[in-house]
Amino acid sequence: MNKKYTIKEVSEIFNITKNKIRFYEKKGLINPERDKFNNYRYFNEKDLIKLQTILMYRVLDLSIDDIKDIFNDNRKDNELDHFYNQWEVINSRMQKMKLIRDALKELMDIIYISDNKEYKGKMVDIIKDMNETYKLKEDWQDKWDFDTWSKTYDETVKKDPGSLKIYKNYEKLLNTTFKTAIRDKTKDIKALDIGVGTGNLSKLFLEKGYNIIGLDQSREMLNVAKNKFPNLKLRPGDFLKIPFENNSFDIIVSTYAFHHLNKKEKKVAIKEMINVLNKNGRIVIGDLMFEDDKEKEKIMKSLTKEEIYEVEDEYYSNIKFLEREFKSYGKKIDKVRIDKFNFIIEVN
Ligand SMILES: C[S@@+](CC[C@H](N)C(=O)[O-])C[C@H]1O[C@@H](n2cnc3c(N)ncnc32)[C@H](O)[C@@H]1O
């Protein structure tokens, strides 16, 4: 006969209170048998396994509702979806904590070095800056709806329907980005592809045996990439909140993604990339750019109304601005022009 356990025994096995067990029962996560006469709970082996699973999910800080949903729909994809969500929740919390910690570091230094009168004003500035950065990180929105686009993205790239023909050198841009990134690097490096989309750039790394992780803010893009390349490691995440520790990567690459950030967001994203990049690491970005304001003005004058709208719907980089930003971290940019709008910048 299968062994049955009392609530006291179960609480001892898992080292949790009886109240906690009653709470999970009240929430409908477990449903132990009741004795007909005394109404005592009796737990079988299955209940124990379920309780162990609940406790494991609680360690990951999943909510009761999340756990309920995983129990109700036990497909692998559903569980993955909950883990993706939780990864983003935890990353957002960590990002906020890091900002607070950095601000506190600055505040402590200000108190040490300033005299009494001036330091209050500086404190306000530091906290204001921190709040602005936090807001930028939280407020970015996908106004292009990449989730919907994911199904037809590869087709669109091939057909290149816009009149600017921004994808006419798609393959060349990806191949050059790849070759530039791995130049003089050994195979044991770690690479990150931000805005991985349907995985076409990461594929080049995978095929040659490099260790690459793809990051994207769009779940559906990640799903398409996973179906195309089951071996590709993928994570949900955002340029503005890169969910990895400092000094994690030797190479960061990105194609056709950086132009979805405005100037202020680009500044934050550059800082994020520099943080997760190893000291001698390399960033290679293949994307839509202008050399500088003067070139932008000249090119814009030559475009039709629809084409101007197409450009202004996004945020093509200004290479001079990128040079200045990366220089503030001691980095230098080399650029290669692929065509009128497409450049590759290499940051070392
Ligand atoms: C035009 S697709 C490019 C995909 C792929 N890199 C390629 O070259 O084919 C742009 C991708 O960048 C992602 N993306 C846009 N903004 C992003 C952000 N702030 N953080 C992370 N990914 C972003 C989109 O979700 C989309 O998958």
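Thresholds, definitions, all that
Residues numbered from 1 in each chain as written. Predicted model: local features only at pLDDT ≥ 70, side-chain atom pairs only at ≥ 80, totals over all residues. Heavy atoms only, no water. Helix = DSSP H or I, 4+ residues; strand = E, 2+ residues; numbered from the N terminus. Rg over C-alpha atoms; globule rule 2.2 N^0.38 Å. Buried < 20%, exposed > 50% of the residue type's maximum accessible area, 1.4 Å probe, protein only. Contact = heavy atoms within 4.5 Å. Areas by Shrake-Rupley, 256 points an atom, 1.4 Å probe, with all protein chains shown as cover. Lys, Arg positive; Asp, Glu negative; His and termini not counted. Charge placed at Lys NZ, Arg CZ, Asp CG, Glu CD. Salt bridge = Lys/Arg side-chain N within 4 Å of Asp/Glu carboxyl O.

**Things to note about the overall build of the chain**
Move 1: Within the chain, the regular secondary structure consists of 15 helices and 10 strands.
Move 2: Scaling as 2.2 N^0.38, a compact globule of 348 residues should have a C-alpha radius of gyration of about 20 Å, whereas the chain reaches 26 Å, well beyond that.
Move 3: Summarising its shape, the C-alpha atoms of the chain cover approximately 90 × 65 × 45 Å along the three principal directions.
Move 4: Expressed as a percentage of its 348 residues, the buried residues of the chain come to 45%.
Move 5: Of the contacts made within the chain by residues no fewer than 6 positions apart, 67% connect residues no fewer than 24 positions apart.
Move 6: Only carbon and sulfur atoms are counted for the fraction: they give 51% of the accessible area of the chain, which is about 20,100 Å².
Move 7: Between the centroid of the 68 positive side chains of the chain and the centroid of its 61 negative side chains there is a distance of 3 Å.

**Comments concerning the pattern of salt bridges**
Move 1: One pass over the structure, following the stated rule, counts 26 salt bridges.
Move 2: Linking E297 and K301 is a salt bridge whose minimum nitrogen-to-oxygen distance equals 3.7 Å. Here K301 and E297 lie together in helix α13 (residues 293–301), a separation of 4 residues that amounts to about one turn.
Move 3: Exposure remark for K301: the relative accessible area of 68% places this residue in the exposed category.
Move 4: Each member of the salt-bridge network shares a partner with another, and the members are R183, D184, R282 and E346.

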